[in-house]
Number of protein chains: 2
Amino acid sequence: MDRTLRIMTEDPLNAETDPSSLRSWITPNAKFFNRNQSPMLTEPISLVDWRLTIEGEVKEPLAFRYDELLRLPKATVANTVECSGNGRALLSTKARGNPWTVGGVGNAVWGGVWLGDLLRLAGPTEASLHVAFEGIDDPSGRATVKFIRSIPIEKALSSTLIAYEMNGDPLPPEHGFPVRGLPLGWTGASCVKWLTRITVIDKPYAGHFMDAVYRVFQEGQRPTDGTVVTSIVMKAIITQPLPNEELDGRPMTILGFAYGGELPVAAVDVSVDGGERWTPAEMIGPNERYAWRQWRYVWTPDRPGDHRLMARASDSEGNRQPMKASWNVLGYGNNGVEEHVVTVHVGR
Amino acid sequence: MDRTLRIMTEDPLNAETDPSSLRSWITPNAKFFNRNQSPMLTEPISLVDWRLTIEGEVKEPLAFRYDELLRLPKATVANTVECSGNGRALLSTKARGNPWTVGGVGNAVWGGVWLGDLLRLAGPTEASLHVAFEGIDDPSGRATVKFIRSIPIEKALSSTLIAYEMNGDPLPPEHGFPVRGLPLGWTGASCVKWLTRITVIDKPYAGHFMDAVYRVFQEGQRPTDGTVVTSIVMKAIITQPLPNEELDGRPMTILGFAYGGELPVAAVDVSVDGGERWTPAEMIGPNERYAWRQWRYVWTPDRPGDHRLMARASDSEGNRQPMKASWNVLGYGNNGVEEHVVTVHVGR
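Residues numbered from 1 in each chain as written. Chains lettered and ligands numbered in written order. Predicted model: local features only at pLDDT ≥ 70, side-chain atom pairs only at ≥ 80, totals over all residues. Heavy atoms only, no water.

Student: Looking at this structure, I do not really get the overall build of chain A. What am I missing?
Tutor: Helix and strand counts for chain A stand at four helices and 24 strands. For chain A, whose C-alpha radius of gyration is 21 Å, the value lies close to the compact-globule estimate of 20 Å for 348 residues. Principal-axis analysis of the C-alpha atoms places the extent of chain A at approximately 70 × 45 × 40 Å. Of all 348 residues assigned to chain A, the portion counted as buried reaches 59%. A separation of at least 24 residues holds for 71% of the contacts in chain A among residues at least 6 apart in sequence. Surface accessibility of chain A: about 14,000 Å² in total, with carbon and sulfur atoms responsible for 51%. Between the averaged position of the 36 positive side-chain charges in chain A and that of its 41 negative side-chain charges there is a distance of 2 Å. (Helix = DSSP H or I, 4+ residues; strand = E, 2+ residues; numbered from the N terminus. Rg over C-alpha atoms; globule rule 2.2 N^0.38 Å. Buried < 20%, exposed > 50% of the residue type's maximum accessible area, 1.4 Å probe, protein only. Contact = heavy atoms within 4.5 Å. Areas by Shrake-Rupley, 256 points an atom, 1.4 Å probe, with all protein chains shown as cover. Lys, Arg positive; Asp, Glu negative; His and termini not counted. Charge placed at Lys NZ, Arg CZ, Asp CG, Glu CD.)

Student: How should helix α2 (residues 115-122) of chain A be read in this particular structure?
Tutor: It helps to recall that an α-helix has 3.6 residues per turn; residues three or four apart then point in one direction. Residue and element names in this part refer to chain A. Along α2, the residues classified as buried are Leu115, Gly116, Leu118, Leu119 and Ala122. Take α2 and look down its axis: the buried residues cluster within an arc of 160°, on one side only. Of the residues flanking the end of α2, it is Gly123, one or two places downstream, whose phi is positive at about 85°. (Arc of directions from axis to C-beta.)

Student: In this structure, what is going on with the interface of chain B and chain A? I would like to understand it.
Tutor: Accessible area lost upon the coming together of the parts serves often as the stated size of an interface. With 38 residues of chain B at the interface, the matching set in chain A holds 38 residues. Here chain B meets chain A over a buried area of about 3,000 Å², counting both sides, of which 45% is carbon and sulfur. At the boundary of chain B and chain A, one finds six salt bridges. When the shortest N-O distance is used, the salt bridge between A:Asp248 and B:Arg71 registers 3.0 Å. Here chain B is connected to chain A by 30 residue pairs in polar contact (both at pLDDT 80 or more). Elements with a contribution of two residues or more to the side of chain B that touches chain A: α1 (66-71), β6 (75-82), β7 (105-114), β10 (160-166), β11 (169-170), β18 (252-259) and β22 (293-299) of chain B. Counted by class, the side of chain B that touches chain A contains 17 nonpolar, nine polar and twelve charged residues. (Buried area = accessible area lost by both parts, 1.4 Å probe. Salt bridge = Lys/Arg side-chain N within 4 Å of Asp/Glu carboxyl O. Polar contact = N/O pair within 3.5 Å; in protein donor to acceptor, adjacent residues only side chain to side chain. Nonpolar A, V, L, I, M, F, W, Y, C, P; charged D, E, K, R; others polar.)

Student: Can you walk me through the pairing of β6(B) in this structure?
Tutor: Regular strands have side chains that alternate between both faces of the sheet. All names here are of chain B. Judged by how many residues are buried, β6 sits mostly within the fold: eight of eight residues are covered. Residues of β6 alternate between two faces, with Ala75, Val77, Asn79 and Val81 on one and Thr76, Ala78, Thr80 and Glu82 on the opposite face, all of them buried. Of the strand pairs in this sheet, β6 and β7 are connected by eight bridges, and their pairing is antiparallel. Bridge pairing in β7 links Ala75 to Gly112. (Pairing = 2+ DSSP bridges.)

Here it is, written out as structure tokens:
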């Protein structure tokens, strides 16, 4: 683990990427955010007895060894993962949960096999409607509830990777070695690490991590009155300059990313006056379906003093990221437009 | 440096990526091949006094500090780099030079600034026809000739990065920290590491590394009778299975990459019978202009015994990689079709 990570809790490990490490399209594995429900496994899982099983509502339950997965048709996908609660600490009305600022997000090129390929080998039935992921978690036995999450069969068949590789290296232990589920474009909550059991079921899995949390609901509602968190929501982030930076007034490049989970971002507009006027940013760098897009905007400050920088994403149909996210009890999906106030000292 | 690298010479360090590390679209920095003319710098270059200068045939010579480069408009590009001599050891008629097999190639996402942006700031003149790169090399003083290479102004203005970032991390010391020249799609010979001086000139730079080596010429010719090595040439490589692997006869995925430098590869055909019949492979993974493209081909061996696997790239105009590369004295650009012989033990 990189010492530049900002640690929120040590055990379980919850740590976000330092904003200074968010200048690049690839987020190196050692700098990638960590979100865990239980203490970390004390040593990497041994592959000797390890199997990935597919069971439940399938014609033929299967168990794959690691080397068997490597022989199956490989898929390689650039995919951005964001913690469901990323940005929670920036909400003006506080919400419960870890205080993620902007660094609960990262982008990697993942290698693995399509879950759809595995499911077709096992043979879906008419009752194959949802797919539950269970990982080897909680070696301490302290957790009272297993971390199990399910996704609908359509997502499982169309665009979910079983990832064994991250940025060219085997999946690091803290990111789920040997494999993790990766529904493309969805928040980290559905990307179950240390995945070992895939159970096909006829309804969404019922359990704490499906019904009590990772739901968007309001005060006075029960969690199950709300909807399950699935896709990452559309937003733009500014990664240079950082809030409260002091600038010397010369031309500089405002940098950032924009991402929308399953929904591709088409454009980013930038404001340097707190939202009065907006100008399109230039989209740069790799352009891959499920990966964030980098953008840049060259800015020459027109006066000394404070400046309020903002960025706002929109999709190809003109839908725009909201100026203020709709609040919910657990503070998920904060995609309100953030303001970076910077101070210019001309001629410094 | 990764201990999986296959070291050819220690000092200067010349090492290629182990074929087992060529399964992934991103080549991790620690596994990326190393090609050096001189002993490695003993410690990372200090940024305190470091400058990147632009001089020669320009209206205004300039010097940039590292932090100034970071403020300029950022570019992010996926780009495959290959050693000019990669594949030399596989030539049937031996050629002089380091015995590269297949691992003198890798793919990274690079961040930096466009050389064109820097040149436009300095102001080209009518005499700005070539651009020479000079790095801080040879700290030992043992080398008698500086490593200087020049590229034509068209390449410098259109598609050359001054890279300061590699796969999301600052450029590692062994890959040129703080910056390296990166003419996109060209072989490593033009990607000068530890770059510190950019000189604009009115003709190609004359010197050992332009005129005596990195030229394609025949026996009896002088090097200067031949052409300078520039773009990577089109080829496909098989990265799974490796030569002489023993297989168990079950269906398996043949994996590889295809790349063509400045020329995009459009298709790859695979033969499992030594070149008698060819079938199109499936192109997978990120599709970026200057980066290799991953391909896969699912193969079920039809009998036990030896099988001869081959892959062959072609471009959008139907030009094909040659079965046998045209030989030259220094063994550059070996893009002949390679054969991986594997042995199948059915029912093993």
